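Listed here are the chains, written in short residue letters.
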Amino acid sequence: MELEEGEICALLGENGSGKSTLVKMMYGLVKPDDGKMIFRSKDYTPTNPNEARSAGIAMVFQHFSLFDALTVAENIALGMSDHLSFSTLSKNIEEKGKAYGLALNPDNLVGSLSAGERQRVEIIRCLLQNPKILIMDEPTSVLTPQEADILFEALKNLAEEGTTILYISHKLEEIKELCTKATILRAGKVVATCNPEEKSARQLAEMMVGTSIGAPKRTGEVRSHEGTPLFQVKDIEKDASSSFGTGLQKISFEVWQGEVFGIGGIAGNGQDELMEVLSGEALPKKGSILLDGKDLARLNPNERRKRGLLFAPEQRVGHAAAGEMNLIENSYLTAADRKALSKYGIINWSKTTSFSKEIICHFDVRTPGSENLAQSLSGGNLQKFVIGREILQNPEVLIVNQPTWGVDAAAAASIRQKLMDLADQGAVVVVISQDIDELLEVSDYISVLSGGRLSRERHVKGLSREDIGLMMGASQELALEA
Amino acid sequence: MLVFERRRQPSKFWTTITPVLAVVLTMIVGGIMFALLGKNPVEAIRTIFWSPLFDPNLSAYARPQILVKAAPLVLIAIGLSIGFKANIWNIGAEGQYIMGAIFGGGVALALYPLEAWWIFPLMILSGILGGILWAMLPALLKIKFRTNEILVSLMLVYVSEHFLASVSLGLLRNPDGIGFPGSRNLQQYASASNGELFTGTGIHLGVIAAFVSIFALYGLIKFHRIGFQVRVTGQSERISRFAGVNPNLMVIFCLATGGGLAGLAGIFELSGPTGQLSIDFNVGYGFTAIIVAFLGRLNPFGMALAALLMALTYIGGELAQFMLNLPAAAIQALQGMLLFILLSMDFLSQYRIKIRKLA
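**Describing the packing of aromatic side chains**
Counted by the stated rule, this structure contains 17 aromatic pairs over all chains. The interplanar angle of 55 degrees and the centroid separation of 5.4 Å between the aromatic rings of Tyr-218 of chain B and Phe-301 of chain B together place this pair among those described as tilted. Highlighted residues: Tyr-218 of chain B in helix α8 (residues 205–223) and Phe-301 of chain B in helix α13 (residues 300–324), separated in sequence by 83 residues. A residue is classified by how much of its surface remains accessible, and Tyr-218 of chain B, at 34% relative accessible area, is partly exposed. Residue Phe-301 of chain B is classed as partly exposed on the basis of its relative accessible area of 35%. Following the ring pairs from residue to residue traces out a cluster consisting of Tyr-97, Phe-281, Tyr-285 and Tyr-314 of chain B. Across from the ring centre of Phe-242 of chain B, 4.7 Å away, lies the NZ or CZ of Arg-305 of chain A, which sits over that ring. The aromatic ring of Phe-363 of chain A is capped on one face by Lys-418 of chain A, whose charged end is 4.7 Å from the ring centroid.

And the structure:
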């Protein structure tokens, strides 16, 4: 593949198609076995990120490497190879920020920043080194549409000044908007290079997967509330679970059978706290959680599971699944009671093994076998496993946090389809997600969690991306007034 | 320049081979230490590791003695390993061992000279209870005040040693002992004596209990929900909460099993080989068991082998003291070296070493 000066090139591909390996080689984290890279007509063989940076290649990772307890300037100073005084550095940060519309106060603590602002810290850290090539790995996965627009402006400015940007994302719409070229990888090979503006999102996705994929569909029609709600959350209050979290204030919502209820908003606005309270990992200070009229708010996660309330948290390894345990053990982790996998505490491993195989088979989890450790699976496959494990237990209510975060298009489509099928069978599905397109696709009703408050719900019909963006803003204004 | 690179998954090969390598390396380093002490290193190592097993004059006595010494190590290590698997670090088994002996022994001495069949079982239960109660102090402090169980359990060892000294000199002192410190000898009290099962071997009920505990642990970890929860807790606290494990109950369970089995080892030892509560009743089994647990990779059968090895160093060490005049401290240093070397070699299973030219 080739990159020209000043172009914004998208790197597209499913999980495991080799995108990360490719950019890691460019950034000096991985050594190629064969072949070579030529950068500005010279052989380029970085052996570590320092060399890559000094040659002029910088990278913004999907996961931020920032210290919450340090200020913006201190964080940036840590990543710099040349040592400047703090005052010059602060001045540089402010200047760069202004020049690209990425304003930052260098003296703020990173812990107090939103995800979008944290990303700015990472970007400015890169820009201060005046890179020739800037690699961005899924930069918008944590941003509101408004924040993403600001980012796109900044990237376009950079490109006009001659910086080349290599942009990795699963969001095909934004690639069409931003990028002038797209290189598509499949199974470790470049399969196509095209102009994304000339292709539809569907066509791009099909090039990635190599087959055609359909958009998720509901078989039933979009629901409207009928009868009594199956799942009710009333006036939940909870303190922030970490010093950088957000407490919940009087969260209430109701979901009827067969409905998908979407909760939007940017992570860090109480999403983790809400998930903990709903799952029973933490108990609320006040409020009740009613399933079929019975209050579960004081029960532990297993008691809730027995009554039909199941969960798939955001973080896959270390929360939803134990990385160092195999898929059989991970099946037992949450399905022990509902699937009757043990009797008097004695675990029936053969029954558990067949359950794990059922998950792998029904949810198309790509793995050599159920004996493999969870951490050996790619993100998308492990997510399919986690969602499958919960859905195959026939939940009355399934609560999912960020169901397709970092998952490729095909896997994301299949996960969304399964969630919608589950609702069609009469279950309640609550989807917490910061991906607005996803919420619009799967939900019947949407509300936004922002600053620990939940906005009024809106029927998805006629709702646009911008409306949801405004809902995020609106609930924040409410919080300010209060 | 040597560079250490973290492996994605700990190497299976190195995890299995390091205990063996650690033993070999300990022999070499230990040999150097013995040489510095002015002893013949080959002979010293041979006396410690070889003679008890294969010397025709010694092995008939030494072989069953290895089992006797290994029994308390196995019992304690098995109990500790459950906590270690769940990242709950009970370092105070020595104290729980002492309290088990004091509780169990106290019951027997209170009933003396009554003879009845139920005295021995009652003693055993009290011994277990003593160990559990002593372990509950760090457990409750951890739950209530988030204290560090490593520090609390360790420091309680020294408290229990003072308690042992106090009762040996006071409350439980043998009234017929003409003023000598120490309790009555339970071997001379039929209802409370844990005698040898096979004449001349010294093998007592504790050895049987140790065997049972190995299989019990295997079953618990492999086939029981509680064992599964222990392993999940060892993965991360977050995932254990998600799996519905009550973290406080887990702390209590792990410290209770560790303390209970240490207490059991204590009362078996008191009613069997030792016979008498005295100031020097404890000989460090509670600490050696930590080495056993890690040397055996927290695996029940691995720990059994490790306990046999450590027992061998005890017996062999005594022989070396007796035959070669090696100081007792040198033997303890050798045992400590084993853990030290093992832990440093664990690095190899986590990291790979690469040689890189200086940039």
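Now that the structure is up, let's keep going.
**What about unusual backbone geometry?**
Put simply, Tyr-112 of chain B and Pro-113 of chain B share a cis peptide bond, and its omega is 5 degrees. Checked against the element boundaries, Pro-113 of chain B lands in the loop between α5 (93–111) and α6 (119–145). Unusually for a residue other than glycine, Ala-340 of chain A sits at a positive phi of about 50 degrees. Its location among the elements puts Ala-340 of chain A in the loop between α11 (327–335) and β15 (342–343). The backbone of Arg-146 of chain B shows a phi angle near 55 degrees, a positive value even though the residue is not glycine. One can find Arg-146 of chain B in the loop between α6 and α7 (149–169).

**Considerations on a negative patch on the surface**
All names here are of chain A. The grouping of Asp-149, Glu-153, Glu-160, Glu-161, Glu-177 and Glu-466 at the surface amounts to a negative patch. Secondary-structure assignment places Glu-160 in helix α6 (residues 145–160). Judged by its relative accessible area of 69%, Glu-160 falls in the exposed class.

**With respect to the confidence of the model for chain A**
With 93% of its residues at a pLDDT of 70 or more, chain A shows a mean pLDDT of 85. Here residues 475–482 of chain A is a poorly scored stretch, pLDDT under 50, and it has 8 contacts once near neighbours within four places are set aside; other chains count.

Parameters and conventions
Residues numbered from 1 in each chain as written. Chains lettered and ligands numbered in written order. Predicted model: local features only at pLDDT ≥ 70, side-chain atom pairs only at ≥ 80, totals over all residues. Heavy atoms only, no water. Phe/Tyr/Trp six-rings, centres within 6.5 Å; stacked < 30°, edge-to-face > 60°. Helix = DSSP H or I, 4+ residues; strand = E, 2+ residues; numbered from the N terminus. Buried < 20%, exposed > 50% of the residue type's maximum accessible area, 1.4 Å probe, protein only. Lys NZ or Arg CZ within 6 Å of the ring centre and 35° of its normal. Patch = residues over 30% accessible without salt bridge, like charges linked within 9 Å, V, L, I, M, F, W, Y side chains within 5 Å. Areas by Shrake-Rupley, 256 points an atom, 1.4 Å probe, with all protein chains shown as cover. Salt bridge = Lys/Arg side-chain N within 4 Å of Asp/Glu carboxyl O. Lys, Arg positive; Asp, Glu negative; His and termini not counted. Charge placed at Lys NZ, Arg CZ, Asp CG, Glu CD. pLDDT = per-residue confidence, 0-100. Contact = heavy atoms within 4.5 Å.

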